[in-house]
There are 2 protein chains.
Amino acid sequence: MSGSLSIVGLGPGPSYWVTPEAENLLKGVSDVVGYATYLARLPARPGQTRHESDNRVELDRAHHALDLAQDGRHVAIVSGGDPGVFAMAAAVFEAVEARPAHERDLPIQVVPGISAMFAAAARLGAPLGHDFCAISLSDNLKPWPVIEARLKAAAVADFVMAFYNPVSKARPDRLRHAFDLLRTVKAADTVVAFARAIGRPTENLSITTLAEAAVQPADMSTLVLVGSSETRLIARDHARPWVLTPRSYGSAR
Amino acid sequence: MSGSLSIVGLGPGPSYWVTPEAENLLKGVSDVVGYATYLARLPARPGQTRHESDNRVELDRAHHALDLAQDGRHVAIVSGGDPGVFAMAAAVFEAVEARPAHERDLPIQVVPGISAMFAAAARLGAPLGHDFCAISLSDNLKPWPVIEARLKAAAVADFVMAFYNPVSKARPDRLRHAFDLLRTVKAADTVVAFARAIGRPTENLSITTLAEAAVQPADMSTLVLVGSSETRLIARDHARPWVLTPRSYGSAR
């Protein structure tokens, strides 16, 4: 009997950001595979088996989910945010690629979610209103010089930038190194925002400048946004300023 | 009496991609402002006023919504996809910036949505599994040389690219010009995908190469994805290949 695998994005945290597609799908599957933090967001359902795994073994988790689906189970593998953005979708398809070709008829569906990047942008105003890029600062899976080259290219071409995985225990300094590099190209007063745990009880946002950004705390739950030369603040008397990257470029100069 | 304004992302089209946050908010507002195509997705609700507008006057629409909210109405301005990505959020905050400072205490909320980019990626597999950028090819609001510089930078730094607004009636050739430029930097067999009207009845996906991409039809509902040097296809016997950009970079060489 044929099983199936769905790679499901749960969004940043709250249930109001879980799509009806994800919600309905999670009600119907026989097995849910995921990191414990994500499984903890889901209600226990009779007859549904949960498979918790450690966050550091994404490829093993993907193979485990594929094994279950090959055995005829209907499996959801869950991810925070959008599964396609530095999350489980790539790991699953890497596993698919490594397995026998005859397994490729397995029905696989990717269920998109609200990404951390767009949730953070929503809280801030419109920081991504113009061309932007997303860069993982983790050098576990790519050489640091590749990251440096991308940071430099994005700075020179004046993209707004979103950084995923800004720090880790093993490499606490990489965000500071990224800021050091950006300061050689971009103005000291470039808008920088730190968005932590958006939508969760510990949500925290702060807005600073590239000159001051290095002293801000960040962890693996923090998304860092760096503005373009046109990104600016709209001051408010009784609230955090809005962050705006206007749709037009260059014409206001 | 104080009104409010919510900038609401409806996602790419189907109701299964409308978040509970957006759905609940749209039930409670007194006024909905938006392009006719987006308003048509919403059920008529007694006591709720709709304000249709033409797609080309985003800033006017934003001011209209702000006027209503300043008059004490609870207003939703709706956008397809995510409102922060080449959509209404930037237009609204540009309007906020242009209005008197004392109006800035108006409660404004941005409600994120499933973006066209991530919906397209979900259908294709994991094309955005590594660093990526989003570029609007419209030169209505920025000079074409800026777009060219960004395309070149993104190609040299080997980002996956998502193109919004790939063509228009006024400028039918800009996508072809973008491909011409990319071919001077990127390999002819680079994976290119066209994703049209994802989630809607006319949904259409096609996968090609940079060498062949110029002859593909595209319109303003088409999102174009251009792979990095590592983006590859996973062939399937009975279906379109999966598109994978692996999480690792360089190590496989």
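Below you will find a few notes about this structure.

About the criteria used
- Going along each chain's sequence as written, the residues are numbered from 1 onward.
- For this description, chains carry letters from A and ligands carry numbers from 1, given in the order in which they are written.
- Local features in this predicted model are restricted to residues of pLDDT 70 or higher, and side-chain atom pairs are both shown and tallied only at a pLDDT of 80 or more, whereas totals for entire chains, interfaces and linings draw on every residue.
- Computation of side-chain values covers all heavy atoms of the structure but excludes hydrogens and water.
- Aromatic pairing here means that ring centres of Phe, Tyr or Trp (its six-membered ring) are within 6.5 Å. Orientation follows from the plane angle: under 30 degrees is stacked, over 60 is edge-to-face, and everything else is tilted.
- Counting from the N terminus, the helices are DSSP H or I runs at least four residues long and the strands are E runs at least two residues long.
- For every residue, the accessible area (1.4 Å probe, protein chains only) is compared with the maximum for its type, and the residue is labelled buried under 20%, exposed over 50%, or partly exposed between those bounds.
- Charges are assigned to positions over rings by a cutoff of 6 Å between ring centre and Lys NZ or Arg CZ, combined with an angular limit of 35 degrees from the ring normal.
- We call two residues in contact when some of their heavy atoms are within 4.5 Å.
- In this description, a nonpolar core means a group of buried Ala, Val, Leu, Ile, Met, Phe, Trp, Tyr and Cys residues linked to one another through side-chain atoms lying within 4.5 Å.
- Note: buried area is the sum, over both parts, of the accessible area (probe 1.4 Å) each one loses when the two are combined.
- Note on definitions: salt bridges are taken to be side-chain nitrogens of Lys or Arg within 4 Å of carboxyl oxygens of Asp or Glu.
- In the analysis that follows, any N or O atom pair within 3.5 Å is treated as a polar contact, provided that within protein one partner can donate a hydrogen and the other can accept it, and provided that, for residues neighboring in sequence, both atoms belong to side chains.
- Under the convention adopted here, Pro, Cys and the residues Ala, Val, Leu, Ile, Met, Phe, Trp and Tyr are nonpolar, Asp, Glu, Lys and Arg are charged, and Gly plus all remaining residues are polar.
- Strands are labelled as partners when DSSP assigns at least two bridges between them.
- Axis lines are fitted through C-alpha atoms, for helices just across the contact stretch, and the angle between N-to-C directions can take any value from 0 to 180 degrees.
- Superposition of the copies used a least-squares fit over C-alpha atoms from residues whose pLDDT is at least 70 in both.
- Looking down the strands as they point away from you, a crossover is right-handed if its path from the first strand over the helix to the second goes clockwise.

A few points about the packing of aromatic side chains
Applying the stated criterion across every chain yields a total of 15 aromatic pairs over all chains. Geometrically, the ring pair formed by Phe118(A) and Phe132(A) is edge-to-face, given 6.1 Å between the ring centres and 90 degrees between the ring planes. In this pair, Phe118(A) is assigned in helix 5 (residues 116-124) and Phe132(A) in strand 7 (residues 132-136), connecting sequence segments 14 residues apart. In terms of burial, Phe118(A) and Phe132(A) fall into one category: buried. Look at Phe132(A) and Phe86(B): their rings are 6.3 Å apart centre to centre, the planes differ by 25 degrees, and that puts the pair in the stacked class. With Phe132(A) in strand 7 and Phe86(B) in the loop between strand 4 (74-79) and helix 4 (88-98), this pair bridges two chains. One aromatic cluster is present, formed by Phe86(A), Phe118(A), Phe132(A), Tyr164(A), Phe86(B), Phe118(B), Phe132(B) and Tyr164(B) through successive ring pairs. We note Arg236(A) situated over the ring of Trp242(A); from NZ or CZ to the ring centre the distance is 3.8 Å.

So, the side chain of His51(A)
Its location among the elements puts His51(A) in strand 3 (residues 49-53). Residues contacting His51(A), with those up to four places away along its chain left out, are Asp31(A), Val32(A), Val33(A), Gly34(A), Leu39(A), His64(A) and Leu68(A).

Notes on the nonpolar core
By size, the foremost hydrophobic cluster in this structure holds 50 residues, and its most contacted members are Leu151(A), Phe163(A), Leu151(B) and Phe163(B). With residues up to four places along the chain from it excluded, the contact list for Phe163(B) reads Ile135(B), Leu137(B), Leu151(B), Leu175(B), Leu182(B), Thr222(B), Leu223(B), Val224(B) and Val226(B). In this structure, Leu128(A), Ile198(A), Ala162(B) and Tyr164(B) belong to the second largest nonpolar core, which totals 47 residues.

Re the interface of chain A and chain B
On the chain B side, the residues contacting the 66 residues of chain A number 66 residues. A per-residue breakdown of the area chain A buries against chain B is headed by Phe118(A), Arg150(A) and Arg247(A), which together make up 13% of the total. The interface formed by chain A and chain B contains 10 salt bridges. Here Arg247(B) and Glu94(A) are joined by a salt bridge, their closest N and O atoms 2.9 Å apart. Our enumeration of links across chain A and chain B arrives at 28 residue pairs in polar contact (both at pLDDT 80 or more). Considering every element that reaches the side of chain A that touches chain B, the biggest residue donor is helix 4 (residues 88-98) of chain A, with 7 residues. Each residue belonging to the side of chain A that touches chain B can be placed in one class, and the counts come to 39 nonpolar, 12 polar and 15 charged. Where strand 7 of chain A and strand 7 (residues 132-136) of chain B come together, 3 bridges link them in antiparallel fashion. Pairing of Phe132(A) across the sheet is with Ala134(B), part of strand 7 of chain B.

Thoughts on the sheet that holds strand 4 (residues 74-79) of chain A
All names here are of chain A. The 5 strands lie next to each other as 3-2-4-1-5, forming an open sheet whose pairing is parallel. Two strands lie at the open edges of the sheet, namely strand 3 and strand 5 (108-111), each paired on one side alone. Adjacent strand axes in the sheet meet at a mean angle of 20 degrees, parallel and antiparallel pairs treated alike.

Topic: the relation of the copies chain A and chain B
When chain A is fitted to chain B, the residual RMSD is 0.0 Å, and the transformation amounts to a turn of 180 degrees plus an axial shift of 0.0 Å. In short, the pair behaves as if placed about a two-fold rotation axis. Every residue of chain A has its C-alpha some distance from the rotation axis, and the shortest such distance is that of Cys133(A), at 1.9 Å. With an isologous cut-off of 70% or more, the 100% of interface residues of chain A that recur at the interface of chain B puts this contact in the isologous class.

Regarding unusual backbone geometry
Residue and element names in this part refer to chain A. A positive phi is found at Phe86, a non-glycine position, where the angle reads about 50 degrees. Owing to a relative accessible area of 19%, Phe86 belongs among the buried residues under this scheme. Positive phi, close to 50 degrees, is recorded for Asn165, a residue that is not glycine. The topology assignment puts Asn165 in the loop between strand 8 (160-164) and helix 7 (174-183). Asn165 gets classed as partly exposed once you look at its relative accessible area, which sits at 22%.

Focus: the pairing of strand 8 of chain A
Residue and element names in this part refer to chain A. Summarising burial for strand 8: 5 of the 5 residues are buried, a large majority. By the alternation rule, side chains of strand 8 split into Val160, Ala162 and Tyr164 and Met161 and Phe163, which are all buried. Strand direction decides the pairing type here: strand 7 and strand 8, joined by 5 bridges, are parallel. Paired with Phe132 across the strands is Val160, a residue of strand 8. Assessed by its sense of winding, the connection that carries the chain from strand 7 through helix 6 (residues 144-156) to strand 8 is right-handed.

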